[in-house]
Amino acid sequence: MRRKSAKTNFVSPLRYPGGKRKLVRFIADKIVNVVERPLLFIEPFAGGAAVSLNMLVKDRADHVVLADLDPLVGNFWRVVFGPQAPFDDLRRWIETTPVTLQAWYETRALYCSTPVEYAFKCLFLNRTSFSGVLNQRAGPIGGHMQASEYAVDSRFNKERILSRIDTLREHRQRVVYAGVKDYREVARLKRVRDLMVQNQSVVWYLDPPFFRKAENLYNKWFDRDNHLSLKSWIENDLVGHWLLSYDNVPEALEVWCDHPATEEVELGYSTSRKPRQNDAPHKRKKSEEIVVSGYQPWPEIARIVEQAQKGATTLLCKDRRVTETA
């Protein structure tokens, strides 16, 4: 079965390596199969946050949490959804800064001490660096000699970017948290735990850094131990329904092929196929992503959250059920 993914109505103001804009419809459909409308949608590896922003703007979830351990990215979302004064400062900075190669050098060298400085540096470098990469190794669009047909300002349409940010501001009251935290810290937020107690409709979307070349793409990346730690946390500590996506590479299959709800997904449609670790590379259908899903019944969630709020040191889910693959 092939399922086409409709174009989304909202595009993130950030151009992010590994962004999931083309997977938004597929992921939304998977969520609806378990939770028609999440009370809380959590994305702890936010990046460009394509999925969360569409859940928010298209009113598919009551509340959203956005977090990223990269201080540039986390603070960008913090300012976009935060108090008015810092946001106004960011907006003025965007409006008045010339988009030139000199500005690119100055912004890359900027030492950040406030959320607004981090937020501006994130947006400016993201829109003016090759492929939106924030890592210091990335160069400007068009190169240092600006010899390409695409110049440093070719992806920085101020009017369009500000329009997208203004749209997001209209929904800021439904953003429970936006800032710099890792996935474990997000799970410990009081507001997150309170909403978990109120309702079972808590959905996590986890899109961790790539297995390959992540050190060249991100300021915060994972090694193999980090990926294994994340899997252990998901299987033993995570409270709520969850979806996880990875770039489809052998390293990811090795980690997740034993999970009963793992499937290969192309950017345009789902192959509806559980991957096998021993598939020959030339026989395996070329896919872009691996999507893994998990479902935890509400009574178990209530018990686990209650234990956590009483000070339990470890959350254990021994009787986890998972969604069937589409």
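Scroll up to find the structure this text is about.
Residues numbered from 1 in each chain as written. Predicted model: local features only at pLDDT ≥ 70, side-chain atom pairs only at ≥ 80, totals over all residues. Heavy atoms only, no water.

A. Just the packing of helix α3 (residues 71–80) against helix α7 (residues 158–169), in detail. For the pair α3 and α7, interaxial distance at closest approach is 9 Å and the crossing angle is 65 degrees. The orientation of α3 with respect to α7, classified from their angle, is roughly perpendicular. Where α3 approaches α7, its residues Phe-76, Trp-77, Val-79 and Val-80 are matched on the opposing element by Ile-165, Leu-168 and Arg-169. Class assignment for the residues of the contact of α3 with α7 results in six nonpolar, no polar and one charged. (Axes fitted to C-alpha atoms, helices over the stretch in contact; angles between N-to-C directions. Helix = DSSP H or I, 4+ residues; strand = E, 2+ residues; numbered from the N terminus. Parallel < 35°, antiparallel > 145°, perpendicular 65-115°, else oblique. Contact = heavy atoms within 4.5 Å. Nonpolar A, V, L, I, M, F, W, Y, C, P; charged D, E, K, R; others polar.)

B. How the structure looks around the pattern of salt bridges. Taken as a whole and judged by the stated rule, the model has 10 salt bridges. Here Arg-92 ties to Asp-89 by a salt bridge, and the two come within 2.4 Å at their closest N and O atoms. Here Arg-92 and its partner Asp-89 are both found in helix α4 (residues 84–96), three residues apart, which amounts to about one turn of the helix. Residue Arg-92 is classed as partly exposed on the basis of its relative accessible area, which comes to 45%. By relative accessible area, which is 35% here, Asp-89 ends up partly exposed. Connected through shared salt-bridge partners, Arg-37, Asp-59, Asp-62 and Arg-174 make up one network. (Salt bridge = Lys/Arg side-chain N within 4 Å of Asp/Glu carboxyl O. Buried < 20%, exposed > 50% of the residue type's maximum accessible area, 1.4 Å probe, protein only.)

C. Summary view of the sheet that holds strand β3 (residues 175–179). Here we have seven strands laid out as an open sheet, ordered β3-β2-β1-β4-β5-β7-β6, and mixed in their pairing. Looking at the sheet topology across the chains shown, the edges are occupied by β3 and β6 (262–265). Sheet twist, expressed as the average angle between the axes of neighbouring strands with direction ignored, equals 15 degrees. Relative to the sheet, helix α11 (residues 224–236) contacts β4 (202–206) and β5 (241–247), its axis offset from that of β5 by approximately 160 degrees. (Pairing = 2+ DSSP bridges.)

D. View of the environment of Phe-156. Structurally, Phe-156 can be placed in the loop between α6 (115–128) and α7. A relative accessible area of 7% means that Phe-156 is categorised as buried. Sequence separation of Phe-156 and Val-99 is 57 residues, and the distance between their C-alpha atoms is 7.4 Å. Beyond its immediate chain neighbours, meaning those up to four positions away, Phe-156 contacts Ile-94, Val-99, Leu-123, Phe-124, Arg-127, Thr-128 and Ile-161.

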